[in-house]
Amino acid sequence: MTLLQHLLHLTNFKSPLLQTLVPSVGAAFAIQAAFAVPSIAAQSERFYDFSGSLTYLAVTALSLYLPAIRARHAAGAGSRVPLPSLLAAFRIADGAAGLNWRQVVLSGAVTIWAARLGSYLFQRVLKEGKDSRFDKIKKSPPKFAVAFFMQAVWVSLCLMPVIAVNSIPAAAFASLPAVRISDVLGLAMYAGGFALEVTADSQKSRWVHEKREKLHDEQFITKGLWSRSQYPNYFGESTLWTGVATTSAGLLLARPVQLALGLGPVAALSLSYISPAFVSFLLLKVSGVPLSEAKYDKRYGDRKDYQEWKKNTPKFFPKLF
């Protein structure tokens with residue numbers, strides 16, 4: 001028995017959800033452990049954000065194709081059952097075979113977000129030479145290990161709605177309409193949140209570049225989206241995950257899907273919205289706003305213009321006028 005066959009056998013639960021969820025979460029922790037060991041030994045945070053993005057990409061792909069891999073394995077060693085085509089998901093209207101378009105679109109949405117954010121953060125740490133968040137943490141192996149552990153938790157919880165949707169059997173999709181209101185609403189929220197995050201990051205990168213080129217002498221950014229919210233990039237990220245959760249919830253609350261996965265309404269909503277809830281908690285209470293605010297308060301807290309910007313600019317939800 002090969003290692004793959006052994007792992008498939010160990011995770012061959014009765015529930016289609018657990019068959020996909022357990023290996024996906026296990027893969028997230030395994031990848032983070034693989035990056036944690038050399039990073040802790042070298043006391044280097046250079047590949048921390050890169051490893052997070054890679055984990056998103058790997059776990060998303062695994063959850064998308066794992067049901068098909070199981071089907072191929074069940075068909076026997078000599079079987080040549082092909083993996084489902086991504087494009088075919090948009091041609092099969094009833095979802096009775098292969099992948100459903102929602103699975104492909106949600107997985108693609110996460111892939112685009114993870115690749116974009118990961119490359120942005122990786123380039124930033126290469127330019128600056130370090131990430132100030134880890135100045136103290138990386139010197140303590142236990143604390144640095146916890147950081148990688150928490151990143152695995154972060155990936156697992158954020159991807160929960162996508163993993164759940166990717167575990168839905170094809171037959172369950174056949175009972176659903178081709179398009180639901182929750183599909184449109186959720187994907188629109190994702191698109192808006194993603195655009196907001198990308199624009200905010202782009203504006204800040206341009207501002208930093210212009211400051212290095214001595215094109216301005218501003219100490220903190222207050223232009224563009226940063227005049228509407230103190231942390232527009234964080235609001236965008238929270239919004240896009242809420243969009244993913246909304247599309248997922250619309251599917252998981254459908255009766256055919258609940259019967260296929262053995263879920264109730266509470267479990268369906270929990271699997272969906274734990275993602276944006278956890279993201280918002282991290283950004284607002286743990287690693288996002290608190291760390292950034294403490295750093296900027298220490299630097300500019302005695303400046304009147306900084307105090308006025310904080311007073312007149314919403315911390316999270318952007319002002320419209």
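Data block above holds the structure.
What you see is a predicted model, and the numbers here were worked out from it, not measured in a lab. (Residues numbered from 1 in each chain as written. Predicted model: local features only at pLDDT ≥ 70, side-chain atom pairs only at ≥ 80, totals over all residues. Heavy atoms only, no water.)

Focus on the overall build of the protein chain
Line of reasoning, step 1. On a plain count of helices and strands, the protein chain comes out with 13 helices and 0 strands.
Line of reasoning, step 2. Going residue by residue from the N terminus, the α and β elements of the protein chain occur as α-α-α-α-α-α-α-α-α-α-α-α-α.
Line of reasoning, step 3. Taking 20 Å as the expected radius of gyration for a compact globule of 321 residues, we find that the protein chain reaches 22 Å, a close match to that expectation.
Line of reasoning, step 4. Along the first, second and third principal axes, the C-alpha atoms of the protein chain reach 70 × 50 × 35 Å. (Helix = DSSP H or I, 4+ residues; strand = E, 2+ residues; numbered from the N terminus. Rg over C-alpha atoms; globule rule 2.2 N^0.38 Å.)

As for helix α2 (residues 16–42)
Every α-helical turn comprises 3.6 residues, leaving residues that sit three or four positions apart pointing alike.
Line of reasoning, step 1. Helix length check: α2 (27 residues) gives 40 Å between terminal C-alpha atoms against 39 Å at 1.5 Å per residue, within 8%.
Line of reasoning, step 2. By the largest-angle criterion, Ala 36 marks the main kink of α2, which is about 25 degrees, and a proline, Pro 38, follows within four residues.
Line of reasoning, step 3. Gln 43 sits one or two positions beyond α2 and adopts a positive phi of about 50 degrees. (Expected span 1.5 Å × (residues − 1). Bend = angle between axes of the 7 residues up to and from the residue.)

Some thoughts on the pattern of salt bridges
Close approach of charged atoms lets side chains of opposite charge pair.
Line of reasoning, step 1. Enumeration according to the criterion identifies 9 salt bridges in this entry.
Line of reasoning, step 2. Notably, a salt bridge pairs Asp 183 with Arg 102, separated by 2.8 Å at the nearest N-O pair. Separated by 81 residues along the polypeptide, Asp 183 in helix α8 (residues 181–212) and Arg 102 in helix α4 (residues 101–128) bring together distant segments of the chain. As far as burial versus exposure is concerned, Asp 183 and Arg 102 are alike and both buried.
Line of reasoning, step 3. A salt bridge links Asp 201 to Arg 116; its shortest N-O distance comes to 3.0 Å. Of this pair, Asp 201 sits in helix α8 while Arg 116 sits in helix α4, and the two are 85 residues apart along the sequence.
Line of reasoning, step 4. A single salt-bridge network, built from bridges that share partners, covers Glu 293, Asp 297, Lys 310 and Lys 315. (Salt bridge = Lys/Arg side-chain N within 4 Å of Asp/Glu carboxyl O. Buried < 20%, exposed > 50% of the residue type's maximum accessible area, 1.4 Å probe, protein only.)

Section: the nonpolar core
Line of reasoning, step 1. Grouped together as the largest cluster of nonpolar side chains are 57 residues, with contacts concentrated most on Tyr 56, Trp 113, Trp 154, Leu 159, Trp 241 and Leu 252.
Line of reasoning, step 2. Looking at this core, the element that brings in the most residues is α4, giving 8 residues.
Line of reasoning, step 3. Non-local contacts of Tyr 56, meaning those with residues more than four positions away in its chain, are made with Val 110, Trp 113, Ala 114, Trp 154, Val 155, Cys 158, Leu 159 and Trp 241.
Line of reasoning, step 4. Counting 8 residues, the second largest nonpolar core, distinct from the first, contains Phe 35, Tyr 48, Phe 144 and Ala 147. (Core = buried A, V, L, I, M, F, W, Y, C linked by side-chain atoms within 4.5 Å. Contact = heavy atoms within 4.5 Å.)

Comments concerning unusual backbone geometry
Line of reasoning, step 1. In the Ramachandran plot, Gln 43 falls in the positive-phi region, its phi being about 50 degrees despite a non-glycine side chain.
Line of reasoning, step 2. Mapped onto the secondary structure, Gln 43 falls in the loop between α2 and α3 (48–74).
Line of reasoning, step 3. With relative accessibility at 42%, the residue Gln 43 sits in the partly exposed group.

Looking at the environment of Ala 30
Line of reasoning, step 1. With respect to the helices and strands, Ala 30 occurs in helix α2.
Line of reasoning, step 2. Along the backbone, Ala 30 and Val 279 are 249 residues apart, and their C-alpha atoms lie at a distance of 22 Å.

Regarding a nonpolar patch on the surface
Line of reasoning, step 1. Side chains of Leu 3, Leu 7 and Leu 10 sit close together on the surface and give an oily, nonpolar patch of about 320 Å² of accessible area.
Line of reasoning, step 2. Following the sequence through the fold, Leu 7 ends up in helix α1 (residues 3–10). (Patch = residues over 30% accessible without salt bridge, like charges linked within 9 Å, V, L, I, M, F, W, Y side chains within 5 Å. Areas by Shrake-Rupley, 256 points an atom, 1.4 Å probe, with all protein chains shown as cover.)

Brief notes about helix α9 (residues 232–252)
Line of reasoning, step 1. Between its first and last C-alpha, α9 extends 30 Å over 21 residues, near the 30 Å set by a 1.5 Å rise per residue.
Line of reasoning, step 2. Among the 21 residues in α9, 21 count as buried, and that is most of the element.

Focus: the environment of Gln 203
Line of reasoning, step 1. Inspection of the secondary structure assignment puts Gln 203 in helix α8.
Line of reasoning, step 2. For the pair Gln 203 and Leu 21, spaced 182 residues apart in sequence, the C-alpha to C-alpha distance is 37 Å.
Line of reasoning, step 3. Apart from residues no more than four positions distant in its own chain, Gln 203 is found in contact with Ile 221, Lys 223, Gly 224, Leu 225 and Trp 226.

A short note on the packing of aromatic side chains
Line of reasoning, step 1. Under the defined criterion, the tally for this structure stands at 25 aromatic pairs.
Line of reasoning, step 2. Relative to Tyr 300, the ring of Tyr 296 has its centre 6.1 Å away and its plane inclined at 15 degrees; by these criteria the two rings are stacked. Separated by 4 residues within a single helix, Tyr 296 and Tyr 300 lie in helix α12 (residues 289–300), roughly one turn from each other.
Line of reasoning, step 3. Overall, the relative accessible area of 8% leaves Tyr 300 in the buried class.
Line of reasoning, step 4. Here Phe 316 and Phe 317 contribute two aromatic rings whose centre-to-centre distance is 5.3 Å and whose plane-to-plane angle is 85 degrees, an arrangement assigned as edge-to-face.
Line of reasoning, step 5. Phe 316 sits in the buried class, given a relative accessible area of 9%. (Phe/Tyr/Trp six-rings, centres within 6.5 Å; stacked < 30°, edge-to-face > 60°.)

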